[in-house]
Amino acid sequence: MTVELEATGLSVRYGGNVAVDGVDLAVPTGKMVGMVGANGAGKSTLINALAGWSRGTPVVRGTVRLGSTSMDGLPPHRRAAQGLVLVPEGKGIFAELTVMENLALVRPPADPTGRHLFSMEEIHELFPRLAERRHHKGRMLSGGERQMVAVSRALRAAPRVLLLDEPSAGLAPRLVYELLETMRKLVDRGLSLLLVEQNVRATLELVDELYLLERGKVVARGPAQTMRNDPRILEAYLGSLTG
Amino acid sequence: MNILQQLINGLVLGSGYALIAIGWTVLLGAARLVNFAHGQLYMLGAFVAWAVMTKLGVNYFLAVPIAVVALGLLGVVLQGLMLRPVMQQNLTSLMIVTLGFGYIFQGGASRLFGGDPERFVSPLQSAEIRIGEIWFTWQDVLTLVGTLVLFGVLWLVLNRTRVGAIVRSVAEDPKLAQLFGINAALVYIGVFVFECAAVALGAGLVAPRSPILTSMGFDEVILTFVVVVLGGIGSVTGSLIAGFGLGLFTALFGALVSSAYTTAAAFFVLLAFLVLRPRGLAAR
């Protein structure tokens, strides 16, 4: 099994606070890896650090490799161009640009070897609503539609690894399942994906592997099958199943 | 007094205001940046054009493009020096730093070009057009047409092209733009270069109206400020309308009331405007 994305000893500090502490992580090619944990466990900080991106000014240590290429020291726009594409939590598109303009901002990679270029037809097939909404500005879209544009934008960049930070935030449960099922479909076609989620139940159903993060550290990891029965997961997140 | 003549004067003045302000409008709107050396860049634009004309014997129509390119290159250097506060959107630092640049330019220019008023002459300045009672020069026509063309092209680029969408995306959220694969630092440099080049063009077209001095620039930055704020910060269409509005106001106020108080009156209008419509003409 080849590894598409690998982080070793990743630590992130904000001032004196350690938000992520020595995390090792791997996303195998064509697999979907989930990262769950409580609020404040450091999930977003971790996924942002993989993309080399932050709205703050964190100090990041450790190494990140995309395939055989080191991402260390690369600014976020260069990582995106290499195929390490992040859809951040919350605001993921430009409110003052139309759907088309948002998608057209992304340039397909100069060297698309081994990467799948998503055509607009494919995007519209995945998210038919976007075809109808293409001339609407970002601020006129619903939360679900914005998330669809954000994901589509990432796909247009022909990601080698897609980093998806809490796509479910603020969405109705039905939309969450639809979106995550679409993501699973893409993984089955060859996409490698790291998903950060609060919705543990939905995540467990779809991912191949799961990491559990607590206070900036990975406290459990394994195949979804195994993790489903992990006492820490059962206790903290799936209590109603056993109770 | 001929009202039609004053209206023409107003339009000519106004196109100059709008032209000088456009760089700042884009800088503020597209990059949320300020540049208090704007007036001194205007002065430099005029003096570079003047110098290549008088020292190198280049003609006016080539000297202005040379000044535009020279100031554009200066923009690259300045933005390179300011990149850190720019990327952090640290407006206080930028205000002070650009004010400092302004003083350096002024001091440097007076060493280089001397402190005396110089005549920066456009051949079109003396080419007059008379229709009955009214008159204007071909330079006025060039300024008016140049302004309208520049604003038109700028509007099209910002609203109808991918480059424009990139600039607007960086204006809205430079951090998010990075995730779209956009190099925000490069966009900032581009916008800053446009500002410097546009103000040089403004100087090339407007400055021949009167003798140029290395100490000039303050009045220009003040009026630019009025135009940018009246227009609704960052609005291209708004600043064009505001430029013409201010020009007409200045011409009519000067002719009908008193030319000594036009700047004060313009600020009074700005004050009233800010109370009634704080977000400027372009506010939705």
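No experiment lies behind these values; they were computed from the predicted model shown. (Residues numbered from 1 in each chain as written. Chains lettered and ligands numbered in written order. Predicted model: local features only at pLDDT ≥ 70, side-chain atom pairs only at ≥ 80, totals over all residues.)

Student: Whenever I open this one, the overall build of chain B confuses me. Can you help?
Tutor: A count of helices and strands for chain B gives 11 helices and two strands. Taken from N to C terminus, the helices and strands of chain B fall in the order α-α-α-α-β-β-α-α-α-α-α-α-α. Taken over C-alpha atoms, the radius of gyration comes to 19 Å for chain B, in line with the 19 Å a tight globule of 284 residues would show. Viewed in the frame of its principal axes, chain B has a C-alpha envelope of about 60 × 50 × 35 Å. Sequence-distant contacts in chain B: of pairs separated by 6 or more residues, those separated by 24 or more amount to 76%. (Helix = DSSP H or I, 4+ residues; strand = E, 2+ residues; numbered from the N terminus. Rg over C-alpha atoms; globule rule 2.2 N^0.38 Å. Contact = placed C-beta atoms within 7 Å.)

Student: Sorry, what's going on with the overall build of chain A here?
Tutor: On a plain count of helices and strands, chain A comes out with 11 helices and 10 strands. Relative to its length of 243 residues, chain A is compact, with a C-alpha radius of gyration of 17 Å against a globular reference of 18 Å. Counted over contacts in chain A with a minimum sequence separation of 6, partners at least 24 positions apart contribute 69%.

Student: What's the story with the nonpolar core in this structure? I'm lost.
Tutor: When a protein is soluble and globular, its nonpolar side chains tend to lie buried together. Leu163(A), Leu194(A), Ala46(B), Phe47(B), Leu71(B), Val191(B) and Val227(B) are the most contacted members of the largest nonpolar core, which totals 157 residues. The element contributing the most residues to this core is helix α8 (residues 184-206) of chain B, with 16 residues. With residues up to four places along the chain from it excluded, the contact list for Val191(B) reads Val26(B), Leu27(B), Ala30(B), Ala31(B) and Val167(B). (Core = buried A, V, L, I, M, F, W, Y, C linked by C-beta atoms within 7 Å. Buried ≥ 20, exposed ≤ 12 C-beta atoms within 10 Å, placed from the backbone.)

Student: Explain the sheet that holds strand β5 (residues 69-70) of chain A here, please?
Tutor: Through backbone hydrogen bonds, the strands of a sheet pair up, either in parallel or in antiparallel fashion. All names here are of chain A. If you trace the four strands from one edge of the open sheet to the other, you get β2-β1-β4-β5, paired in antiparallel fashion. Each edge of the open sheet carries a strand with a single partner, namely β2 (17-28) and β5. Relative to β5, strand β4 (residues 59-66) runs antiparallel, the two sharing two bridges. Bridging across to β5, leucine 66 finds its partner in threonine 69. (Pairing = 2+ DSSP bridges.)

Student: Where do I start with the interface of chain B and chain A in this structure?
Tutor: The figure often quoted for interface size is the accessible area lost as the parts come together. The partner chain A presents 22 residues to the 15 residues of chain B that form the contact. Within the residue set of the side of chain B that touches chain A, elements represented by two or more residues are α6 (162-172) and α7 (174-179) of chain B. A per-element tally of the side of chain B that touches chain A places α6(B) first, with six residues. Split into classes, the residues belonging to the side of chain B that touches chain A amount to six nonpolar, four polar and five charged. (Nonpolar A, V, L, I, M, F, W, Y, C, P; charged D, E, K, R; others polar.)

Student: Is there a simple way to explain the sheet that holds strand β8 (residues 192-196) of chain A in this structure?
Tutor: Residues and elements named next belong to chain A. The strand order across the open sheet built from six strands is β6-β7-β8-β3-β9-β10, with neighbouring strands paired in mixed fashion. Pairing within the sheet leaves two strands with one partner each, and these edge strands are β6 (84-87) and β10 (217-223). Looking at each pair of strands side by side, their axes are set apart by 15 degrees on average, direction ignored. In terms of strand pairing, strand β3 (residues 32-37) meets strand β9 (residues 209-214) through five bridges, oriented parallel. The residue of β9 that forms the bridge with valine 33 is glutamate 209. (Axes fitted to C-alpha atoms, helices over the stretch in contact; angles between N-to-C directions.)

Student: Can you help me understand the packing of helix α1 (residues 3-31) of chain B against helix α5 (residues 138-160) of chain B in this one?
Tutor: Two numbers describe a pair of packed helices, the interaxial angle and the distance between the axes. Residues and elements named next belong to chain B. Packing of α1 against α5 brings their axes to within 9 Å, and their N-to-C directions diverge by 40 degrees. Here α1 is positioned oblique relative to α5, judged by the angle of their axes. Relative to α5, α1 is oriented so that their crossing is left-handed. The segment α1 lies against α5, with Leu11, Val12, Ser15, Gly16, Ala18, Leu19 and Ile22 engaging Asp140, Thr143, Leu144, Gly146, Thr147, Leu150, Phe151 and Leu154. (Parallel < 35°, antiparallel > 145°, perpendicular 65-115°, else oblique. Left-handed = near helix turned anticlockwise from the far one by under 90°.)

Student: Is there a simple way to think about the pairing of β10(A) in this case?
Tutor: Across a regular strand the side chains alternate sides, sitting on one face of the sheet and then on the other. Alignment of β9(A) against β10(A), held across six bridges, turns out to be antiparallel. From the neighbouring strand, Tyr211(A) faces β10(A), where its bridge partner is Arg221(A).

Student: Is there a simple way to explain the environment of Leu5(A) in this structure?
Tutor: Residue and element names in this part refer to chain A. Along the chain, leucine 5 turns up in strand β1 (residues 3-14). The buried category is assigned to leucine 5, around which 25 C-beta atoms lie within 10 Å. Leucine 5 sits 61 residues away from leucine 66 along the chain, and the two C-alpha atoms are 4.7 Å apart. In this structure leucine 5 touches Ala26, Val27, Leu66, Leu84, Val161, Ser192 and Leu194, once residues within four positions along its chain are discounted.

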